[in-house]
Structure formats: structure tokens, C-alpha cells
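If you want the building blocks of each chain, they are given just below.
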Amino acid sequence: MTELTLESLIDDGNYLGSERARQENKAILDELERKKKARSMAVPTDDNRVKARLRELGEPITLFGERQADRRDRLIYVLSQITAARGDEIQMEEESEEESADEEEFYTPGSLELLEARRHLAEYSLPRAQKRVAQQQITSKLPLGRIIDLRKKIFAEVKRFSNLGSQIGDERPISQVRFSPNSKFLAAGSWSGTIKIWNVPACTTSRVLRGHGDRVGGVAWHPQATLTQGEGLVNLASGAGDKNVNLWSLNSDTPLSVLKGHADRVCRVAFHPSGNYVASASFDTTWRLWDVTTSTELLLQEGHSKEVYSVEFQDDGSLVASGGLDAIGRVWDLRTGRTAMVLDGHVQAIFGIAFSPNGYQIATGAGDDTIRIWDIRSLKALYTIPAHVSNVSDVRFFRGDYLPPMSTARGNGDVAMNGMDEDVDASNDTREEQTLDEWRYRSGLYFASSGYDGFVKLWSADDWQLLRTLTTDSGKVMSVDLSNDGRLLASGTYNRNFQLFAPEEVTV
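Conventions adopted
One numbering rule holds for all chains: residues counted from 1, following each sequence as written. The model is predicted, so local features are restricted to residues of pLDDT at least 70 and side-chain atom pairs to those at 80 or more, both for listing and for counting; the totals for chains, interfaces and linings are taken over all residues. Hydrogen atoms and water are omitted, and side-chain values are computed over all heavy atoms in the structure. The secondary structure listing takes helices from DSSP runs of H or I that are at least 4 residues long and strands from runs of E that are at least 2 residues long, numbered from the N terminus. Working definition: with a 1.4 Å probe on protein chains only, accessible area under 20% of the residue-type maximum means buried, over 50% means exposed, and in between means partly exposed. We call two residues contacting when some pair of their heavy atoms lies within 4.5 Å. Using a 1.4 Å probe, accessible areas were evaluated by the Shrake-Rupley method; residue-level cover was limited to the displayed protein chains. Here a patch means residues that are over 30% exposed by relative accessible area and free of salt bridges, tied together within 9 Å if like-charged and within 5 Å if nonpolar (Val, Leu, Ile, Met, Phe, Trp, Tyr). Any Lys or Arg side-chain nitrogen located within 4 Å of an Asp or Glu carboxyl oxygen qualifies as a salt bridge. The span one expects for a helix is its residue count, reduced by one, times 1.5 Å. Joining through side-chain atoms within 4.5 Å is the link that ties buried Ala, Val, Leu, Ile, Met, Phe, Trp, Tyr and Cys residues into a set, and such a set is a nonpolar core. When DSSP locates at least two bridges between a pair of strands, those strands are taken to pair. Where helices are involved, their axes are fitted lines through C-alpha atoms of the stretch in contact, as for all axes, and angles between N-to-C directions lie from 0 to 180°. Any N or O atom pair separated by 3.5 Å or less is treated as a polar contact, with the protein-specific requirement of one donor-capable and one acceptor-capable atom, and with residues adjacent in sequence counted only for side-chain atom pairs. Two helices that cross are described as forming a left-handed crossing if the nearer one is turned anticlockwise from the farther one by less than a right angle, and a right-handed crossing if clockwise. Residue polarity is assigned by list, with Asp, Glu, Lys and Arg as charged and Ala, Val, Leu, Ile, Met, Phe, Trp, Tyr, Cys and Pro as nonpolar; anything else, Gly included, falls into the polar class. Note on scores: pLDDT gives the predictor's confidence for each residue, bounded by 0 and 100. Here a pair means two rings of Phe, Tyr or Trp (six-membered ring of Trp) with centres within 6.5 Å. Their orientation is stacked below 30 degrees between planes, edge-to-face above 60, and tilted elsewhere.

Quick notes on the overall build of the chain
Here's step 1: Looking only at helices and strands, the chain features 7 helices and 28 strands.
Here's step 2: Here the chain holds 508 residues, and the buried ones make up 48% of them.
Here's step 3: Restricting the contact set of the chain to residue pairs at least 6 apart, pairs at least 24 apart contribute 53%.
Here's step 4: On the chain, roughly 25400 Å² of surface is accessible, and the fraction owed to carbon and sulfur atoms is 48%.

Some details on a nonpolar patch on the surface
Here's step 1: Together, Ile28, Leu29 and Leu32 make up a nonpolar patch on the protein surface, roughly 310 Å² of accessible area in all.
Here's step 2: Examined against the element boundaries, Leu32 turns out to sit in helix H1 (residues 19-39).

A closer look at helix H5 (residues 112-140)
Here's step 1: Taking 1.5 Å per residue, 29 residues should reach 42 Å; H5 reaches 42 Å between its end C-alpha atoms and fits that length.
Here's step 2: If you check which residues of H5 are buried, you get Leu114, Ala117, Arg118, Leu121, Ala122, Ser125, Leu126, Pro127, Gln130, Arg132, Ala134 and Thr139.

Re the nonpolar core
Here's step 1: In terms of nonpolar packing, the biggest core is built from 22 residues, with Tyr446, Leu458 and Leu489 touching the most fellow members.
Here's step 2: Contributions of two or more residues to this core are made by helix H6 (144-158), helix H7 (421-442), strand S23 (446-451), strand S24 (455-460), strand S25 (466-471) and strand S26 (477-482).
Here's step 3: Of the residues forming this core, the biggest block, 5 residues, is contributed by H6.
Here's step 4: Sequence-distant contacts of Leu458, that is, excluding residues within four places in its chain, are made with Val158, Phe161, Tyr446, Phe447, Ala448, Gln465, Leu466, Leu467, Arg468, Leu470, Leu482 and Leu489.
Here's step 5: If you look at the next biggest cluster of nonpolar residues, it comprises 17 residues, including Ala281, Leu299, Val308 and Val320.

A closer look at the sheet that holds strand S11 (residues 277-282)
Here's step 1: Strand order across the open sheet formed by 4 strands is S10-S11-S12-S13, with antiparallel pairing between neighbours. Edge positions in the open sheet fall to strand S10 (266-271) and strand S13 (296-301), since each of these has one partner strand only. Taking each pair of neighbouring strands and ignoring which way they run, the sheet shows an average axis angle of 25°.
Here's step 2: With 5 bridges joining them, S11 and strand S12 (residues 287-291) adopt antiparallel strand pairing. What sits directly across from Ala279, in S12, is Leu289.
Here's step 3: Its contacts with the sheet place H5 against S11 and S13, and it is angled at close to 85° to S13.

Examining the pairing of strand S17 (residues 339-344)
Here's step 1: Relative to S17, strand S16 (residues 328-333) runs antiparallel, the two being bridged by 5 bridges. Looking across to S17, one finds that Trp332 is bridged to Thr339.
Here's step 2: Here S16 hands over to S17 after 5 residues, with Gly337 in that stretch at a positive phi of 85°.

Focus: the side chain of His304
Here's step 1: Examined against the element boundaries, His304 turns out to sit in the loop between S13 and strand S14 (308-313).
Here's step 2: Polar side-chain contacts of His304 include one of 3.3 Å to the side chain of Asp326.
Here's step 3: Those residues in contact with His304, other than ones at most four positions away along the chain, are Thr285, Ser322, Gly323, Gly324, Asp326, Ile328, Gly329 and Arg330.

Brief notes about the packing of helix H2 (residues 47-56) against helix H3 (residues 68-86)
Here's step 1: Where H2 meets H3, the axes come as close as 10 Å, and the angle between the chain directions of the two elements is 40°. Considering the relative orientation of H2 and H3, their crossing is left-handed. Every residue of H3 that contacts H2 at Asp47, Val50, Lys51, Arg53 and Leu54 is listed here: Gln68, Arg71, Arg72, Arg74, Leu75 and Leu79.
Here's step 2: The residue makeup of the contact of H2 with H3, split by class, is 4 nonpolar, 1 polar and 6 charged.

Some points on the pattern of salt bridges
Here's step 1: Overall, the coordinates contain 21 salt bridges when judged by the stated rule.
Here's step 2: Among the salt bridges present, the one from Glu123 reaches Arg119, with a minimum N-O distance of 3.4 Å. Separated by 4 residues within a single helix, Glu123 and Arg119 lie in helix H5, roughly one turn from each other.
Here's step 3: One salt bridge connects Arg132 with Asp316, and the closest N-O pair in it is separated by 2.7 Å. In this pair, Arg132 is assigned in helix H5 and Asp316 in the loop between S14 and strand S15 (319-324), connecting sequence segments 184 residues apart.
Here's step 4: Arg132 gets classed as buried once you look at its relative accessible area, which sits at 18%.
Here's step 5: Note on Asp316: relative accessible area 4%, which makes it buried.
Here's step 6: Salt bridges sharing partners connect three or more residues here, namely Asp47, Lys51, Glu66, Arg71 and Arg74.

With respect to unusual backbone geometry
Here's step 1: With an omega of 5°, the peptide bond between Val200 and Pro201 qualifies as cis.
Here's step 2: Locating Pro201 in the fold gives a position in the loop between strand S4 (194-199) and strand S5 (204-210).
Here's step 3: Positive phi outside glycine occurs at Ala327, with the angle close to 70°.
Here's step 4: Along the chain, Ala327 turns up in the loop between S15 and S16.

Looking at the confidence of the model for the chain
Here's step 1: Confidence in the prediction of the chain, expressed as mean pLDDT, is 87, and 87% of residues score 70 or more.
Here's step 2: Considering only residues more than four positions removed or in separate chains, one finds that residues 89-102, a stretch of pLDDT under 50, has 14 contacts.
Here's step 3: Across residues 405-417, where pLDDT falls below 50, the model places 12 contacts with residues more than four positions away in sequence or in other chains.

Overview of the packing of aromatic side chains
Here's step 1: Overall, the coordinates contain 8 aromatic pairs when judged by the stated rule.
Here's step 2: Ring centres of Tyr309 and Phe351 lie 5.4 Å apart, and the angle between their planes is 80°; this geometry places the pair in the edge-to-face category. Of this pair, Tyr309 sits in strand S14 while Phe351 is found in strand S18 (residues 350-355), placing the two residues 42 residues apart along the sequence. Assigned by exposure class, Tyr309 and Phe351 land together as buried.
Here's step 3: Seen from their ring centres, Phe398 and Tyr446 are 5.2 Å apart, and the 5° between their planes marks the pair as stacked. Of this pair, Phe398 sits in the loop between strand S22 (392-397) and H7 while Tyr446 sits in strand S23, and the two are 48 residues apart along the sequence. Per residue, the accessibility class of Phe398 equals that of Tyr446, and both read buried.
Here's step 4: Three or more aromatic residues link up through ring pairs in this structure, and these residues are Phe397, Phe447 and Trp464.

The structure is reproduced here in C-alpha cells:
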């Protein structure tokens, strides 16, 4: 299969003039017109009247996990569909010139460095997306019986997660915990302004990083940190209340570089999969993209009406998602700078956001105690999980980036009988192939969430069912993470400690 690049993309000049394109454009325009009219439709705001109107239309008065705002949105959608089918005109409200001006798009000039970065991001993400889709096509051809066996095996292991231990991590609450790519270290950011690197599961301190003057809001590992990245290079990024983003190595207690530009506290930070860029979310209502090599700001992105709390990259590297205290999430196309999708549905602030390894699903956790699953392909929410009884503080998918060690029959000192070499090799190859299939299927099959109710929960990512509830020794769990080898889960809590969980009967 030829690798996909910018140069190899096919430009179909006849597409826009085809009948298919005209039909697709007409359908899009009709849908946009329907939504525009629906926004100005006269609909009751009283919940009892909304239920009564739904009953008149023969619709369910409530759905599982549906809130009052969701129910009113559903009524608007049903009425707009009925009106569009009848061909009637929807009663429109007068639109002021000010409202029309608010909808007008505006652009700001970008630097040549940003243009070059966008090109690099496109060249980096296209082949990764191509490989991901190719692997998904292979996985989709697995026999149903094999898929059932894999789900049973993986979920049985997930359901055996239990408390491995607890460790006081700092003198103030632990704001975020993140496992290193090799799963041997845990970075814990604290409200004291320090970041501690812990050896896990031994829970011994490896290094203490001091450089922030206020509470640390987020930490993120370089994708190749502890693997191929040298210890003296950038391995870790952190954001804090001192408005700075710090870049750290693993052989120094002071930052390699301090990225300044935000006008208010920095919350979450994230490394781009290439490791060349860092994104930071801030209370100044923006998120920013930084060049790690030059330590310069490439992009200041507005779009939220309130503080931006969370930010996360898609695994391909083409998209980034931001979540704000305005209860809105946005998916941005880094290659063009445009909004790819608006995640509108939460009624409270979004605190956690995560891309699924499948590349097209997003999970958001919010202050309305729910987790919403979004599909970029259909541009809508797939499912709403009533996850916790208080704020959902963090959401993390399992990623099988780490391949399990393969056992081989040869080279272990055993003597093979004549005529049995081929059988041993075939058996080993079969086992290795089955292990790889299981690991590829495991990636993205489940995710973890943490909440201010003191619980960490594990969920299946195909039918969104609860697999395991883990109790902590704190009333507020600030963060959660899953190690790449699938053997550990960590939570950072408000009472200054972090806890480790592992499946029973699994050696860590």
C-alpha cells in the first residue's frame, strides 16, 4: 500500500460538477436551513409544558439520562422535522442586525511559521490516518466468535482491578497524574507548584521538578519520553497558575524552557503525537499551540466564551479538542485552523476530554455528572453516560501503544526433537499473532473516569456499560490515568495522595 502524502492526494476536479456533489450540497444546505429556522422557533421553556407537547406529538416524554435542556432540544428537533416535512413556514423571530453581525466569520493573519507547521501536521497525520484505517479494516474482518472471546477475556481482566496501594504525593492536592510511555514512571502535578516523578509500582521518588510559582494544572509526557527520547531533551510539559508552560528534561530539576504568553492560569497541557508541539488550555479563554523546538507560540486560538480547561490531541495528529467552562467543546482541524465539530450538549463546565484510539470518537466529562460520547463522522452525540454523582474530573481511554513481550520457544536452551522444530515454530507464530490481535483489539476497548464523588470507574467503549467501580480514600478524585501496558491504573486525589490499582493475580 502506497503511503499517503500531500503530493499523492488525488484532486478530483470533476467532483463539484457531479450529480452526487450537487445532491450532497443540497442536503447540507437544507439541513442548515432547517437548523437555522429551528433556533428561532417558539418552544416552551417550562419542562412540564415540554413533556406535554412531546406527548401530543406521540414522542417519549423523557429518555434515559436526558436532562431538561436535552428534552427541549429534542422537542425543537421533532417540531422542525415535522414542519420541514409539511413544507410549512416556521414562525420566525425578528433578527436584529447585531445578531447577524455576531454570526459573521472573521480571520486573523497567521505567521509563516504557523503555515509551515500546518503543512508539517498534514504530512505527519495523513499516513498515520491511512495506517489506522487499514488496521481497522483488518480488525473488522475478525470472526464474531473471536471478537466475543477477546471481549470476555479483556473485560474479565478489567473487572479484576483492585487497590494496589496508596502514597502521599505532596503537601497539597494532586491535580493530575500521568503514566510515562514505558509505564514505569508516574508524573504527579500538585497545587504546591511541584511535579514529582515516581517509580511505579514501587512508589519511590525518582525526581522532583520545581519551577512553577503557583498550582500545577496539568502535566503531559513527550510521546517518546522514557523510550527513544534522550533524558537531556524535552520529556515533560506542565502548565500552572503562574500563567507559564514549562518544558522539562529528566536529568535536571529546573525547566529547559519556559513558554510565556497566557494572560491567566494554565490548566491542562498536551503533547502532539509527533512530539514537536504542545497545546495549553488557559483561563484567558484561549488555547495555544507552541513549537517545542523553538519554544515559540505558533497559534492563539479563541472560540470559547469562558475559561478553557482541557485540551487533547487526536492520535493521528490532525485534530485537537478543547473543553471549556462554557459547557462547550470544540474540535479543531490543525491543518486548516477551522472548527471541525462543536460539542454542544453539556449543561455544566467540561473538565475532561479524550480522543478514542479509533480516531473518530470523543469522550467528555463535565460538571453535570455525565460523560458524553461524540462521533466526529456523524457530528453528534452518540451516548450520554450518567457516570458519577458529582463532577466528572477526568476521562482516559486505554491505549495499547506498548506491545507485550513475545515468548519464543527457540533460544531458551531447550532441545527440540527431530521433526518437531517446524511444529514449535508454527505454534509460536500462532500464539504471537493471537497476542497481537488481542492487543490491537484491546486498545480503545475501555476507558476510565474519575469524579468528585470519590470513585474511579471503568467503562466499556463499545456498549458504554460500567465494568468496575473502584473506591478511593478521598472525597474528590482529581485525575485518573491508565498505563500503556494495561497493568496499572492511577488516581490523584484532593487529599494529597495518589493510588495505584492493578488486576488481581497479575504481576506488576
